[in-house]
Amino acid sequence: MENSKKIAILGSTGSIGTQALDVIRANPNSFEVEVLTGNGNADLLIRQAIEFNPNTVVIADQNKYHYVKDELNKHDIKVFTGKKAIADVVQMENIDMVLTAIVGYAGLESTISAINAGKQIALANKETLVVAGDLVTSLAKEKGINIYPVDSEHSAIFQCLAGEFHNPIEKIYLTASGGPFRGKKKDFLSTVKKEQALKHPNWEMGAKITIDSASLMNKGLEVIEAKWLFGLKPEQIDVIVHPQSIVHSLVQFTDGSMKAQMGLPDMKLPIQYAMGYPNRIKSDFPRFNFLNYPQLTFEQADTETFRNLALAFEAMNKGGNAACVLNAANEIAVQAFLNDKIGFLQMSDLIEKCLQKIAFISKPSYNDYVETDTETRRVARELL
Ligand code: NDP
Ligand code: MG
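Residues numbered from 1 in each chain as written. Chains lettered and ligands numbered in written order. Predicted model: local features only at pLDDT ≥ 70, side-chain atom pairs only at ≥ 80, totals over all residues. Heavy atoms only, no water.

A. The arrangement of the pairing of strand 2 (residues 31-38) in detail. Counting buried positions along strand 2 gives 7 out of 8 residues, so the element sits mostly inside the fold. Looking at chain direction, strand 1 (residues 5-10) and strand 2 are connected through 6 bridges and run parallel. Across the sheet, the residue bridging to I9 is L36, located in strand 2. With respect to chirality, the unit in which strand 1 leads through helix 1 (residues 15-26) into the neighbouring parallel strand 2 is right-handed. Viewed along the sheet, the connection from strand 2 through helix 2 (residues 42-52) into strand 3 (residues 56-59) turns out right-handed. (Buried < 20%, exposed > 50% of the residue type's maximum accessible area, 1.4 Å probe, protein only. Helix = DSSP H or I, 4+ residues; strand = E, 2+ residues; numbered from the N terminus. Pairing = 2+ DSSP bridges. Right-handed = clockwise from strand over helix to strand, strands pointing away.)

B. Looking closely at the sheet that holds strand 7 (residues 147-149). With respect to topology, 7 strands assemble into an open sheet ordered 4-3-2-1-5-6-7, the strand pairing being parallel. Taken across any chain shown, the strands that pair with only one partner, and hence form the sheet edges, are strand 4 (78-81) and strand 7. Neighbour-to-neighbour, the strand axes of this sheet turn through a mean angle of 20 degrees, independent of strand direction. By the bridge criterion, 4 bridges tie strand 3 to strand 4 in an arrangement that is parallel. In the strand pairing of strand 4, T56 is matched with K78. (Axes fitted to C-alpha atoms, helices over the stretch in contact; angles between N-to-C directions.)

C. Structural context of the sheet that holds strand 9 (residues 237-241). One open sheet accounts for 4 strands, arranged 9-8-10-11; its pairing is mixed. The two strands at the open ends of the sheet, each matched to only one other strand, are strand 9 and strand 11 (258-262). Averaged over all adjacent pairs, the angle separating strand axes in this sheet is 20 degrees, with direction ignored. Strand direction decides the pairing type here: strand 8 (residues 169-176) and strand 10 (residues 247-253), joined by 4 bridges, are antiparallel. Residue K171 lies in a different strand from strand 10, and its bridge partner there is Q252.

D. Representation of the domain arrangement of the chain within the structure. Each assigned domain of the chain is listed here: domain 1 (5-145), domain 2 (152-266 + 290-303) and domain 3 (319-384). On a C-alpha basis, the centres of domain 1 and domain 3 stand 26 Å from each other. Tallying the contact residues gives 11 residues for domain 1 and 11 residues for domain 3. Surface buried jointly by domain 1 and domain 3 totals about 870 Å² across both partners, of which 62% is contributed by carbon and sulfur atoms. (Domains from an automatic or database assignment. Contact = heavy atoms within 4.5 Å. Buried area = accessible area lost by both parts, 1.4 Å probe.)

Take a look at the structure:
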């Protein structure tokens, strides 16, 4: 189609990736799929490719390569494998926009590669900005490309800023649901199992971000993400717990006026807004009904119990490679918790120890970030 936006979806087999394909399925005249990538879920990737007929598919897990290739070559779809291949294919000439929906540090290289090739970015992979926000945002500026937030809180802020770009932000409030353990204290948290942590009250997401939501690390990562996306100082960012997840975040301007963006919790809305920007695309998503929510409530986040949020603020304030350390230690901690190797509260212990142990670099280069990530993972595994 002539005027449709050509999209590469990195991580198409995940929670964000599959919902992005739902949006595209509902809007076949607005979007075309150029590239799909997955890691281990070969069968879903094959089904997606047969339905959406992209030019190219990457299966990151090399063990699945021949299986995917044999299935898709029949359909005239190119198939590549390996991490490097994702960073290569995002540079293909036909792509207008890259949706970064890989989870974790693994998404960094391909995001930088896409920006280098001048592609617009719809960014779900928040860890990219947590790890190397300075490099990623200055590269985007240099290349003249926009990073459209997919994360619902950041999409909310971005929507509140429409028409306000010349007006300085005084402050932003990121809302947090509080997760499944809101109101609980340490004695309770010391006994929780992954099955409880994986039950989020309002959102259905991939395993890693669901654990991050239970530990409030997700909000910590989002605070750092917001700093880079909107060019804010740490003291301009606040977190407020809002259990109903209807107000997705707020901006306060210098005249004291506040704008909020609201809606039912459904990631398809921010995904569609990022992909369709500057247009709002008509949708049949369920509408918010005030009478179903007679009370919207707000409360302080408990950073004494949920130390990850405090650790993230600390890392942001420290700057340099501290947030990169925080992120790598957290990825190891979450994996260990999901493998029943450590308890819920020990995740914060591990992250704190890594922040103390890893050498601080005040102005890291890309290679410094790569080394910091590797070294932090090594130290974290040793500490386990
Ligand atoms: P999922 O775990 O559901 O999906 C992750 C995707 O990345 C899958 O396609 C997976 O492939 C792929 N992947 C995983 N590891 C690698 C790797 N090493 N190399 C290449 N590809 C890999 O995660 P989500 O969709 O929940 O989250 C994706 C990102 O979006 C995260 O950064 C998260 O923080 C962010 N986000 C998610 C939200 C949500 O509602 N889910 C909300 C806001 C932000 P496969 O499944 O085939 O193995
Ligand atoms: Mg979010």
